[in-house]
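# Breakdown of the fold
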Amino acid sequence: MLPARNRMRRSSEFGATVKYGTRIAQPDVVVHMRRVPEQDGAGPQVGLIVAKSVGSAVDRHRVARRLRHVARAVLEDLDPSDRLVIRALPSSRQVSSARLEQQLRRGLRRSARRAGADR
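Here's what I pulled together on the structure shown here. (Residues numbered from 1 in each chain as written. Predicted model: local features only at pLDDT ≥ 70, side-chain atom pairs only at ≥ 80, totals over all residues. Heavy atoms only, no water.)

### A look at a positive patch on the surface
Which entries qualify depends on this criterion: Patch definition: residues above 30% relative accessible area lacking any salt bridge, with like charges linked at up to 9 Å and the nonpolar side chains Val, Leu, Ile, Met, Phe, Trp and Tyr linked at up to 5 Å. What sets the accessible areas is the Shrake-Rupley method with a 1.4 Å probe; for residues, cover comes only from the shown protein chains. Any Lys or Arg side-chain nitrogen located within 4 Å of an Asp or Glu carboxyl oxygen qualifies as a salt bridge. Under the counting rule used here, the positive set is Lys and Arg, the negative set is Asp and Glu, and His together with the chain ends is not counted. Taken as the charge centre is NZ of Lys, CZ of Arg, CG of Asp or CD of Glu, depending on the residue. Accessible area is worked out with a 1.4 Å probe on protein chains only. A residue is then buried under 20% of its type maximum, exposed over 50%, and partly exposed in between.
A contiguous patch of positive charge, built from Arg109, Arg110, Arg113 and Arg114, is present on the exposed surface. Among the residues examined, Arg114 registers a relative accessible area of 36% and is labelled partly exposed.

### Quick look at the pairing of strand E1 (residues 22-25)
Regular strands show a simple pattern: their side chains alternate between the two faces of the sheet. Defined as follows: A helix here means a DSSP run of H or I that spans at least four residues, while a strand means a run of E at least two residues long, and both kinds are numbered starting from the N terminus. Only when DSSP finds a minimum of two bridges between them are two strands counted as paired.
A one-sided burial pattern is seen for E1, the buried positions being Thr22 and Ile24 and the unburied ones Arg23 and Ala25. Bridge count between E1 and strand E2 (residues 29-35): 4 bridges; the pairing is antiparallel. Bridge assignment links Ala25 to a residue of E2, and that residue is Val30. Connecting E1 to the antiparallel partner E2 that follows it, the hairpin turn spans 3 residues.

### Structural notes on the environment of Thr22
The line we're drawing: The contact criterion used throughout is that any non-hydrogen atoms of two residues lie within 4.5 Å. Under the rule applied, a polar contact is a pair of N or O atoms within 3.5 Å (in protein, one hydrogen donor and one hydrogen acceptor; residues adjacent in sequence only if both atoms are side-chain atoms).
Note on placement: Thr22 falls in strand E1. With relative accessibility at 15%, the residue Thr22 sits in the buried group. For the pair Thr22 and Leu108, spaced 86 residues apart in the sequence, the C-alpha separation amounts to 9.8 Å. Excluding residues that lie within four positions of it along the chain, Thr22 makes contacts with Val31, His32, Met33, Ser111 and Arg114. Side chain to side chain, Thr22 and Ser111 meet in a polar contact 2.7 Å long.

### Remarks on the nonpolar core
What counts here: Here, the term nonpolar core denotes a set of buried Ala, Val, Leu, Ile, Met, Phe, Trp, Tyr and Cys residues that are joined through side-chain atoms within 4.5 Å.
Within the largest apolar cluster, 21 residues are counted, with the highest numbers of intra-cluster contacts made by Val46, Leu84, Ile86, Leu104 and Leu108. Listed by contribution, the elements that provide at least two residues to this core are E2, helix H2 (57-74), strand E4 (82-88) and helix H3 (97-118). The residues touching Val46, leaving out its near neighbours within four places in the chain, are Leu2, Asn6, Arg7, Met8, Ala71, Leu75, Leu78, Leu84 and Ile86.

### Here's the deal with the pattern of salt bridges
All told, the structure shown has 7 salt bridges when counted by the stated rule. With a shortest N-O distance of 3.0 Å, Arg105 and Glu101 are connected by a salt bridge. Residue Arg105 and its partner Glu101 are located together in helix H3, separated by 4 residues, close to a single helical turn. Linked by salt bridges that have partners in common, Arg10, Glu13 and Arg83 make up one network.

### Topic: the side chain of Arg83
Within the element layout of this structure, Arg83 appears in strand E4. Polar contacts involving the side chain of Arg83 include one to the side chain of Gln45, which spans 3.3 Å.

### Topic: the environment of Arg99
Relative to the helices and strands, Arg99 is located in helix H3. The exposure class assigned to Arg99 is partly exposed, which follows from its relative accessible area of 34%. It is 8.9 Å that separates the C-alpha atoms of Arg99 and Asp28, two residues lying 71 residues apart in sequence. Here Arg99 is in contact with Pro27 and Asp28, once residues within four sequence places are set aside.

By themselves, these figures tell us nothing about what the structure is for.
Printed below as a string of structure tokens:
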């Protein structure tokens, strides 16, 4: 489970991260990353998007639990001003948590490289 201070709750935060952040597509997830300098220092925030296309409610909740677990493992790699949205693709319900973590870490590395090139 993600700590409360690291959960993204407002739809405006989700929208801004998806719209203005870097987008990195992986086979089973899409990673949206945005650095927000005006954040109050509460730490990085993570949000999940698990649409109906992923499967039934049981499948979606299972994928969301696995993604929260994976996101918790990468919190220490994030800057305190980072906002991260993870969008699950339909194929995510069939892969292992280890593979999801690998794809998330790869997406974060690529996002960091892209952000460095944009500056």
